[in-house]
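# Coordinate inspection notes
In case you want the letters, here they are:
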Amino acid sequence: MVNLGVLVSGSGSNLQAIIDNMEAGRLDARIKIMISNVPDVFALERAKKHNIPSLVISHKEYKKREDFDQKIVETLQAHRVELVVLAGYMRVVTSVLLRAFPMRVMNIHPALLPSFPGTHVWQAEVDSGVKFAGCTVHFVDEGTDTGPIIIQAVVPVYDDDTAETLNARILKQEHKIFSQAIQLYAEGRLKIQGRRVLTEGFPKAPDAFMINPPAKIFDR
Ligand code: GRF
């Protein structure tokens, strides 16, 4: 059973998926503390409803990012957190957090990294003309969305997509792969080798299985 600390800044739909998977007995983890850096977000209501300890630590009360992160670290450690999960956490984390939890901070990003790091991702994906988009769970390092990749899911981009429709399609996959990444960690299957995260003893994904738009008459 892995002790999680979840950091959020918003709606918390990824948090909800993790809670649902824990409650269904599919995920060998428990949330020891959920921290929001923003007051009054919906994630706080979700935590309350499921009896998950939660609190607000506002970054606005700290002049330096490092001091804010120090408070976060102290709080996580006080709750005996092993793995830190950034679930829609809209703050850049500093080395203060990363040193306290080396390769034990996971983030979800709504793109197939290393393409489309940063923010405003869905519009950028639509505008770029890519035929596939997706999401990535990765360990956090000192860069922005640059850490070792644990798992990715792919979705097609359609001609009539907007940022909103693409966001919704990707979010559905986020809700699956975040829990999967945490479960792989819980099972001790994640082996980090340089930039690569290997999932030992886990089934391989099938060979190429998506073409967009589909190659209908050549599909033999
Ligand atoms: C998701 O798009 C995630 O990829 C990004 O922030 C959003 C969080 O959504 N990091 P939610 O708060 O989990 O609903």
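As shown above, the structure is provided for reference.
Residues numbered from 1 in each chain as written. Predicted model: local features only at pLDDT ≥ 70, side-chain atom pairs only at ≥ 80, totals over all residues. Heavy atoms only, no water.

## Side note on the environment of isoleucine 182
Secondary-structure assignment places isoleucine 182 in helix H6 (residues 163-186). Here isoleucine 182 falls in the buried class, since its relative accessible area comes to 0%. The spatial distance from the C-alpha of isoleucine 182 to the C-alpha of leucine 27 is 7.7 Å, given a sequence separation of 155 residues. With near-sequence residues (within four places) excluded, isoleucine 182 lies in contact with Leu4, Ile18, Leu27, Ala29, Leu83, Val85 and Met106. (Helix = DSSP H or I, 4+ residues; strand = E, 2+ residues; numbered from the N terminus. Buried < 20%, exposed > 50% of the residue type's maximum accessible area, 1.4 Å probe, protein only. Contact = heavy atoms within 4.5 Å.)

## Observations concerning the pairing of strand E4 (residues 83-86)
Residues Leu83 and Val85 point to one face of E4 and Val84 and Leu86 to the other, with burial holding for every one of them. Pairing geometry for strand E1 (residues 2-8) and E4, over 4 bridges, is parallel. In the sheet register, valine 6 faces E4, and the bridge partner there is valine 85. Handedness of the crossover joining E4 and strand E5 (residues 105-109) through helix H4 (residues 95-100): right-handed. (Pairing = 2+ DSSP bridges. Right-handed = clockwise from strand over helix to strand, strands pointing away.)

## Re the site of the ligand
The ligand sits among Ser11, Gly12, Ser13, Asn14, Gly88, Ile108, His109, Pro110, Trp122 and Glu174. Contacts to the ligand include serine 13, whose side-chain N or O atom sits 2.6 Å from an oxygen atom. Asparagine 14 places a main-chain nitrogen or oxygen 2.8 Å from an oxygen atom of the ligand. The fraction of the free accessible surface of the ligand (370 Å²) that becomes covered by protein chains is 85%. Of the residues in the shell around the ligand, the class split is 3 nonpolar, 6 polar and 1 charged. (Near = heavy atom within 4 Å. Polar contact = N/O pair within 3.5 Å; in protein donor to acceptor, adjacent residues only side chain to side chain. Areas by Shrake-Rupley, 256 points an atom, 1.4 Å probe, with all protein chains shown as cover. Nonpolar A, V, L, I, M, F, W, Y, C, P; charged D, E, K, R; others polar.)

## Details of the packing of helix H5 (residues 121-128) against H6
Look at H5 against H6: their axes get within 8 Å of each other, and the N-to-C directions meet at 110°. One way to sum up the angle between H5 and H6 is to call them roughly perpendicular. For the pair H5 and H6, the crossing hand works out as right-handed. Note on element contacts: H6 touches H5 through Ala163, Leu166, Asn167 and Ile170, opposite Trp122, Gln123, Glu125 and Val126. Among the residues forming the contact of H5 with H6, the class breakdown is 5 nonpolar, 2 polar and 1 charged. (Axes fitted to C-alpha atoms, helices over the stretch in contact; angles between N-to-C directions. Parallel < 35°, antiparallel > 145°, perpendicular 65-115°, else oblique. Left-handed = near helix turned anticlockwise from the far one by under 90°.)

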